[in-house]
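Next come the chains, spelled out residue by residue.
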Amino acid sequence: MDNTALEREDYMDISMEKILDFLDQRKYFDARDELLKYNAADIADILEDINDEAGLRMTVILFRLLPKDISVDVFSYLQAEDQVDLVRGITDKEISFIVHELDFDDKIDILEELPANLVNKILENTPKDERKLINTFLNYPENSAGSLMTPEYISLKPEWTVGDAMKHIKNVGMDAETIYTCYVKDFSRHLIGIVSLSTMVVSDDDTKIVDIMRTEFVSEKVNTDQEEVSDDFKKYGYLALPVVDMENRLVGIITFDDILDVMEDEATEDIERMNGVIDFENKDRGYLDISVWQHAKNRLPWLLILMVAYVFTGRIITSFEGSLSKVIALVAYMPMLMGTGGNTGSQASTLIIRGLATDEVELKDWLKILWKEIRIGALIGVILSAVNFLRVWLLDGNPIPIALTVSCAMIFIVIFAKMLGSMIPIIVKRINLDPALIANPAISSVSDAVALSIYFLMAMIFLGSML
């Protein structure tokens with residue numbers, strides 16, 4: 001974080017203390033004036049902190065003191081749970097005003113979070129055409145392109161001239177989500193082309209839109225999963241993508257700012273999956289908002305599975321108990337070998353899972369990946385093996401056969417772990433499961449068992465006479 005960001009946070013902390021003091025002294029307008037020193041996004045952050053510190057009542061008071069146009073922007077920046085809390089503290093009339101003034105996509109997001117009885121009240125006071133449109137959007141599947149889109153886009157007709165189009169943009173542009181890309185529809189509302197504002201600006205006024213529009217474009221179906229939409233944004237680098245129904249009729253657009261939240265949610269979900277703590281019921285709630293019991297319930301399943309898996313590891317150790325009792329020095333290096341195997345396997349799986357998610361690698365590349373990871377594992381294994389040989393022999397003072405056992409085991413364990421870590425995500429993906437959910441837990445349990453088996457095999461080879 002740079003100094004500017006730190007200074008801004010410091011100033012906001014100081015302002016929050018001032019605001020809390022003003023609230024205690026009932027100097028509400030002074031508190032409002034202090035709040036208005038910041039933009040809408042920062043005001044939302046401060047209100048969330050005040051809600052945690054002083055409670056909902058004070059937050060509602062401050063929110064009501066804000067100018068109406070600013071209060072709408074601030075509301076759109078609040079977290080979903082804070083929006084719901086605030087809605088419960090203000091009147092139906094205030095709620096209706098906020099919802100009416102919000103951008104359409106933000107309006108849909110908020111209505112999805114509100115209680116059904118409150119949504120019905122808001123819709124009762126909404127114009128018939130808009131109410132029908134809202135109901136249509138609310139009925140799209142969750143996490144689909146339809147649930148993300150907005151109908152506030154610039155629509156052009158192919159027979160229009162550039163001059164006609166520019167006049168139209170001036171008339172409706174303020175209400176559109178973006179004016180940089182315009183969408184050309186035929187008389188049946190089918191999407192037939194797109195044209196950028198920059199193209200129109202440099203074209204003659206009498207040029208027909210049909211002559212400058214692009215007919216090759218990327219669009220999303222209303223039922224397309226939001227993760228696929230996110231992938232298309234990253235792949236093509238567009239600021240907006242059109243959304244069409246099953247008959248290729250344009251129904252809305254998704255802009256880059258809408259997909260940013262999706263990218264963050266998907267990344268968070270993948271991290272949680274990889275560590276076995278995914279919680280679909282509470283995935284929109286923050287860490288501190290989820291109860292201790294719920295956290296424990298989320299984490300227990302994989303821990304129980306892994307605990308059972310380690311029974312096999314224990315049996316391997318038990319079967320070599322007699323050998324270990326004769327060469328007790330072998331026990332000291334077991335945790336290091338098992339940990340190194342798990343770590344190297346996790347490194348490989350993380351890279352492959354990421355590669356599969358970003359299309360850097362494909363399932364058909366499995367042989368190339370395997371060969372590459374074998375070579376990487378061999379190189380890393382030899383270096384770690386050499387370091388460990390010197391440590392076990394010179395620093396720990398053990399005989400050379402024990403040093404050879406540990407160092408040779410290290411080479412084969414690292415190579416196997418790299419192979420395992422790179423192939424499990426591909427195998428899991430091949431059978432249409434989520435690699436992030438299974439890969440790391442599977443690697444940690446399998447690699448430990450194999451690491452011990454390799455270790456004891458090396459012990460029999462190099463320490464046969466001692467065992």
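Refer to the structure presented above.
The model shown is predicted, which means the values in this text are computed figures rather than measured ones.

**Here we look at the overall build of the protein chain**
When helices and strands are counted, the protein chain shows 22 helices and six strands. Among the 467 residues that make up the protein chain, the fraction classed as buried is 44%. Long-range contacts, defined as pairs at least 24 residues apart, comprise 66% of the intrachain contacts of the protein chain with a sequence gap of at least 6. Carbon and sulfur atoms make up 56% of the accessible area of the protein chain, which amounts to about 25500 Å² in all.

**Some details on the sheet that holds strand 5 (residues 240–244)**
In any sheet, the strands associate via hydrogen bonds between backbone groups, in a parallel or an antiparallel arrangement. With mixed pairing, the three strands of this open sheet are ordered in space as 4-5-6. Because the sheet does not close on itself, it has two edges, and the strands there are strand 4 (220–221) and strand 6 (250–255). With five bridges joining them, strand 5 and strand 6 adopt antiparallel strand pairing. Bridge pairing in strand 6 places A240 opposite T255.

**Let's talk about the packing of helix 20 (residues 366–395) against helix 21 (residues 400–430)**
Relative orientation of the contacting elements helix 20 and helix 21 amounts to 155 degrees, with a least axis distance of 7 Å. What the angle tells us is that helix 20 and helix 21 run roughly antiparallel. Crossing angle aside, the handedness with which helix 20 passes helix 21 is right-handed. Its residues placed into classes, the contact of helix 20 with helix 21 shows 25 nonpolar, six polar and two charged.

**A closer look at the packing of helix 3 (residues 40–54) against helix 5 (residues 68–77)**
As a packed pair, helix 3 and helix 5 sit with axes 8 Å apart at the nearest point and diverge in direction by 65 degrees. Considered as vectors, helix 3 and helix 5 are oriented roughly perpendicular to each other. Remark: the crossing between helix 3 and helix 5 carries right-handed chirality. Side by side, helix 3 and helix 5 meet where A40, A41, I43, A44, L47 and E48 of the first sit next to I70, D73, V74 and Y77 of the second. Looking at the contact of helix 3 with helix 5 residue by residue, the class counts come to eight nonpolar, no polar and two charged.

**Some words on the pattern of salt bridges**
If you walk through the whole model with that rule in mind, you get eight salt bridges. Linking D33 and R32 is a salt bridge whose minimum nitrogen-to-oxygen distance equals 3.3 Å. Residue classification places R32 among the partly exposed positions, given a relative accessible area of 23%. Ionic pairing is found between K364 and E362, a salt bridge with its closest N-O pair at 3.7 Å. A residue is classified by how much of its surface remains accessible, and K364, at 66% relative accessible area, is exposed. Residue classification places E362 among the partly exposed residues on the basis of a relative accessible area of 39%.

**Remarks on the environment of F256**
With respect to the helices, strands and loops of the structure, F256 is situated in helix 16 (residues 256–274). Its relative accessible area of 32% is what places F256 among the partly exposed residues. Residues F256 and L239, 17 residues apart in the sequence, show an inter-C-alpha distance of 5.1 Å. Sequence-distant contacts of F256, that is, excluding residues within four places in its chain, are made with F233, Y238, L239 and M263.

**Quick notes on the pairing of strand 2 (residues 181–185)**
Of all five residues that make up strand 2, four are buried, and the element is covered over most of its length. Here strand 1 (residues 155–156) runs beside strand 2; their pairing, made up of two bridges, is parallel. Along strand 2, the bridge assignment pairs S155 with Y183. After leaving strand 1, the chain enters helix 12 (residues 162–172) and then returns to the sheet as strand 2, a path that is right-handed. As paired elements, strand 2 and strand 3 (residues 191–196) share five bridges and run antiparallel to each other. What sits directly across from K185, in strand 3, is L191. Where strand 2 hands over to strand 3, the hairpin turn is made up of five residues, of which R189 adopts a positive phi near 70 degrees.

**As for a negative patch on the surface**
Together, D69, D73, E101, D103, D109, E112, E113, E142, D257, D261, E264 and D265 make up a negatively charged patch on the protein surface. Breaking the negative patch down by element, the ones donating at least two residues are helix 5, helix 8 (104–113) and helix 16. For the negative patch, the element with the highest residue contribution is helix 16, accounting for four residues. As for its position among the elements, D69 is in helix 5. Judged by its relative accessible area of 55%, D69 falls in the exposed class.

About the criteria used
- Residues numbered from 1 in each chain as written.
- Predicted model: local features only at pLDDT ≥ 70, side-chain atom pairs only at ≥ 80, totals over all residues.
- Heavy atoms only, no water.
- Helix = DSSP H or I, 4+ residues; strand = E, 2+ residues; numbered from the N terminus.
- Buried < 20%, exposed > 50% of the residue type's maximum accessible area, 1.4 Å probe, protein only.
- Contact = heavy atoms within 4.5 Å.
- Areas by Shrake-Rupley, 256 points an atom, 1.4 Å probe, with all protein chains shown as cover.
- Pairing = 2+ DSSP bridges.
- Axes fitted to C-alpha atoms, helices over the stretch in contact; angles between N-to-C directions.
- Parallel < 35°, antiparallel > 145°, perpendicular 65-115°, else oblique.
- Left-handed = near helix turned anticlockwise from the far one by under 90°.
- Nonpolar A, V, L, I, M, F, W, Y, C, P; charged D, E, K, R; others polar.
- Salt bridge = Lys/Arg side-chain N within 4 Å of Asp/Glu carboxyl O.
- Right-handed = clockwise from strand over helix to strand, strands pointing away.
- Patch = residues over 30% accessible without salt bridge, like charges linked within 9 Å, V, L, I, M, F, W, Y side chains within 5 Å.
- Lys, Arg positive; Asp, Glu negative; His and termini not counted.
- Charge placed at Lys NZ, Arg CZ, Asp CG, Glu CD.

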